[in-house]
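Structure at a glance
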Amino acid sequence: MRAACQGILVKCEMNNRVSFTHSVYDSDRDNRVALGYRHPAKRIGAIAWNVTRSTWGVSRGEGGWVVGVRREAFTRKRESAGFTQESFAAALGVEFSTVGRWERGDVTPAPHRRGRIASVLGITLDELDDLLTPPRPSTGMSVPADPEASQAEWLRVRDQGGARGRELSELAAWLYDEHARGPGGHVLTGPGWLLDTPVPLDEVRIELVDDTPPVPDLSVPLDHVLPLTSRGERYSSYSRAVRDLVRPRLMENRISYRLLDVDPGPPLTMRFGTTTFFEVFDRKQYLAHEFKGAALRAGGQVPALAALPLRAAIVDPFDLTGRPVSPSISTLTIRRDPIGGHRFTMHQRDPKAVATGGGMCTVMPAGEFQPSTMAPATLRHDFSLWRNIMREYSEEYLGNPEHDGASPHIIDYGAEEPFASFERAKALGGFRLWHYGLVVDALTLGPSQRTVAVIDHDVYDTLFADAVQTNDEGHRVGHGGRTDIPFTAEAIDRLAPRLTASSYTGLRLAWRDRNLLLD
């Protein structure tokens, strides 16, 4: 079930003037009506298909025609490995028609199949990613033709994030109607996604489906958001460009839980399938990079929608059918001490270590919603908000090695430390967790789950007696010689310029509801 969403504003260009029209979406996601605005994905798709009919595959998807690039390199690799479409399908245990849809670009192989595909073809997962994301036609926008100049310009635009991340996110939020924005206008939030009051974490329901629906390929070329390789070819994906040109220490392509549906309830219920970190990362960063470049050219003003073709193709930013979305979990941790004063912790992310958010402060811990390993058994074993949060505490607070999927070990959360101690503290009531629902970063259109952990001071001091100041992703921000901050309105206001838009929104909500949370 998906709640109705009304009054999302879409920016249109008419005679060089900016105007807004309302788009209305019925509770049935297939029954979509746009008042005074033609579906951009359908319009762009039709143009692209007419121009490059021999190269692009066209399939009917939800909300109009979906255009996908034929994966000719993927086809050649299958043929060079000695497989017909029939024998390849048999080796993978899929229908013959499925292989044809992959090669035509109608759909992309589901994440859980990619390890087997790479193994059968005798290639790595990175090489398979390249085969599945071939070069796309040009947008016609002016981009540097020299590889060195192209990469320098791409890095210049990308670097507009960092300390300016929140400013850009809030600027992007102005593209949407106030009804689509959260409290304060810093983030977006879908219909019923952000709860009026937080609920205990255990009351939130999550469901995992066996068959994740395919994601339509992008209908807009990407040359304006991707640099050239040293060979003069366009990079196949944003993640590959980041890996080669930015080289963050932490960047692995792992299975993630893909958000398919949100029912605000009560109870708040979220339905998930599977995707990969790079699939989600690429879509978010395409949008962010496009907006950064357009904002630079607009002198720091809100860009015209004509300069944002990727964003214009997303008519409803809360429609979960058109792109892969995986909501991270960000937890504000409050050390509850009625006598000595309540305190909270913040994390400043290291730009050299992480692929996104470097230089900004976030609540702590925070991480992707994904299983701890690539082992199939962990997909359901780790499908738990609480277990995901526990792993982030282990990594960010205690400095334990990140559960990056490299090990086949399945965690016994009831017996292994520090998880067993976390479980006991939660069961005894000294470690309480709340869930606020979801907010959406306007720059990337990526959602995050906002949660709050309230830990009694004696329990906190025991659990985190060996807490580290610096971890693999950054360092803790403190005040007065400590590694935490007073939970006061003044401290929150002083931190505000350094916070991401989502963290600032979550912190303000927690301050508003402090009597409930700290009772």
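Overview of the structure.

Rules and cut-offs
Residues numbered from 1 in each chain as written. Predicted model: local features only at pLDDT ≥ 70, side-chain atom pairs only at ≥ 80, totals over all residues. Heavy atoms only, no water. Helix = DSSP H or I, 4+ residues; strand = E, 2+ residues; numbered from the N terminus. Buried < 20%, exposed > 50% of the residue type's maximum accessible area, 1.4 Å probe, protein only. Contact = heavy atoms within 4.5 Å. Areas by Shrake-Rupley, 256 points an atom, 1.4 Å probe, with all protein chains shown as cover. Pairing = 2+ DSSP bridges. Axes fitted to C-alpha atoms, helices over the stretch in contact; angles between N-to-C directions. Expected span 1.5 Å × (residues − 1). Phe/Tyr/Trp six-rings, centres within 6.5 Å; stacked < 30°, edge-to-face > 60°. Lys NZ or Arg CZ within 6 Å of the ring centre and 35° of its normal. Core = buried A, V, L, I, M, F, W, Y, C linked by side-chain atoms within 4.5 Å. Polar contact = N/O pair within 3.5 Å; in protein donor to acceptor, adjacent residues only side chain to side chain. Salt bridge = Lys/Arg side-chain N within 4 Å of Asp/Glu carboxyl O. Parallel < 35°, antiparallel > 145°, perpendicular 65-115°, else oblique. Nonpolar A, V, L, I, M, F, W, Y, C, P; charged D, E, K, R; others polar.

1. Topic: the overall build of the chain
Summing up its helical and strand segments, the chain has 18 helices and 19 strands in all. For the chain, the residues scored as buried account for 56% of the 519 residues in total. Expressed as a percentage of contacts within the chain between residues at least 6 apart in sequence, the contacts between residues at least 24 apart total 69%. Carbon together with sulfur atoms contributes 50% to the accessible area of the chain, which is approximately 22,100 Å² in total.

2. Quick word on the sheet that holds strand β9 (residues 269-276)
Spatially, β7-β9-β8 is the arrangement adopted by the 3 strands of the open sheet, whose pairing is mixed. In the strand order of this sheet, the two ends are held by β7 (205-208) and β8 (255-263), each with one partner. Neighbour-to-neighbour, the strand axes of this sheet turn through a mean angle of 35°, independent of strand direction. By the bridge criterion, 8 bridges tie β8 to β9 in an arrangement that is antiparallel. When the bridges of β9 are listed, L259 appears paired with F272.

3. With respect to helix α17 (residues 501-512)
With 12 residues, α17 extends 17 Å between its outermost C-alpha atoms, agreeing within 8% with the 16 Å of an ideal straight helix rising 1.5 Å per residue. Counting buried positions along α17 yields 10 of 12 residues, so the element is predominantly enclosed.

4. Focus: the packing of aromatic side chains
In total, this model carries 26 aromatic pairs according to the counting rule given. Arranged with centres 5.6 Å apart and planes meeting at 25°, the rings of F277 and F281 form a pair that is stacked. With F277 and F281 both in helix α10 (residues 277-297), this residue pair falls 4 residues apart, about one helical turn. What makes F281 buried here is its relative accessible area of 2%. Here the aromatic residues W386, Y393, Y397, F422, F431, Y460 and F464 are joined through ring pairs into a cluster of three or more. Note that R166 overlies the ring of Y504, its terminal NZ or CZ placed 4.3 Å from the centroid. Sitting above the plane of the W386 ring, K426 keeps its charged end 5.5 Å from the centroid.

5. A short note on the nonpolar core
Across soluble globular proteins, nonpolar side chains have a tendency to be buried as a group. Residues F291, Y393, F422, F431 and F464 are the most contacted members of the largest nonpolar core, which totals 76 residues. With 9 residues, the single largest contributor to this core is α10. Excluding its chain neighbours within four sequence positions, the residues that come into contact with Y393 are T331, T333, P365, L398, F422, F431, A453, I455 and F464. Core analysis: the next-biggest nonpolar cluster, separate from the first, contains 29 residues, L332, F344, V363 and Y504 among them.

6. With respect to α10
Its 21 residues give α10 an end-to-end C-alpha distance of 30 Å, which sits within 8% of 30 Å, the value for a rise of 1.5 Å per residue. Buried residues dominate α10, accounting for 18 of its 21 residues. Immediately downstream of α10, the backbone of G299 shows phi near 70°, a positive value.

7. Overview of the environment of R156
By the secondary structure assignment, R156 is in helix α7 (residues 147-158). Taking the relative accessible area as the measure of exposure, R156 reaches 44% and is therefore partly exposed. Remark: the alpha-carbon pair of R156 and G293, spanning 137 residues in sequence, is separated by 9.1 Å.

8. Looking at the side chain of T276
The residue T276 is located in strand β9 in this model. Of the polar contacts made by the side chain of T276, one reaches the backbone nitrogen of E279; its length is 3.2 Å. Apart from residues lying up to four places away in sequence, T276 is in contact with P111, R114, N253, R254, I255 and S256.

9. Here we look at the environment of T321
Tracing the backbone through its elements, the reader meets T321 in the loop between α11 (309-312) and β10 (328-336). Between the C-alpha atoms of T321 and D261, which are 60 residues apart in sequence, the distance is 8.7 Å. Reaching out from T321, the side chain makes a polar contact with the side chain of D319 at a distance of 2.7 Å.

10. Brief notes about the pattern of salt bridges
In the structure shown here, the tally under the stated rule is 21 salt bridges. Linking D217 and R71 is a salt bridge whose minimum nitrogen-to-oxygen distance equals 3.4 Å. Of the two residues, D217 is situated in the loop between β7 and α9 (238-245) and R71 in the loop between β5 (64-69) and α2 (72-80); the sequence distance between them amounts to 146 residues. Residue D217 is classed as buried on the basis of its relative accessible area, which comes to 10%. Assessed through its relative accessible area of 2%, R71 is described here as buried. D484 serves as the salt-bridge partner of R343, at 2.6 Å between the closest nitrogen and oxygen.

11. Notes on the packing of helix α5 (residues 111-121) against helix α6 (residues 125-132)
α6 packs onto α5 with a crossing angle of 100° between their chain directions and a minimal axis gap of 9 Å. Considered as vectors, α5 and α6 are oriented roughly perpendicular to each other. Facing R114, G115, I117 and A118 of α5, the residues of α6 in contact are L125, L128, D129 and L132. Taken together, the residues of the contact of α5 with α6 break down into 5 nonpolar, 1 polar and 2 charged.

Purely spatial values, then, with no claim about function.
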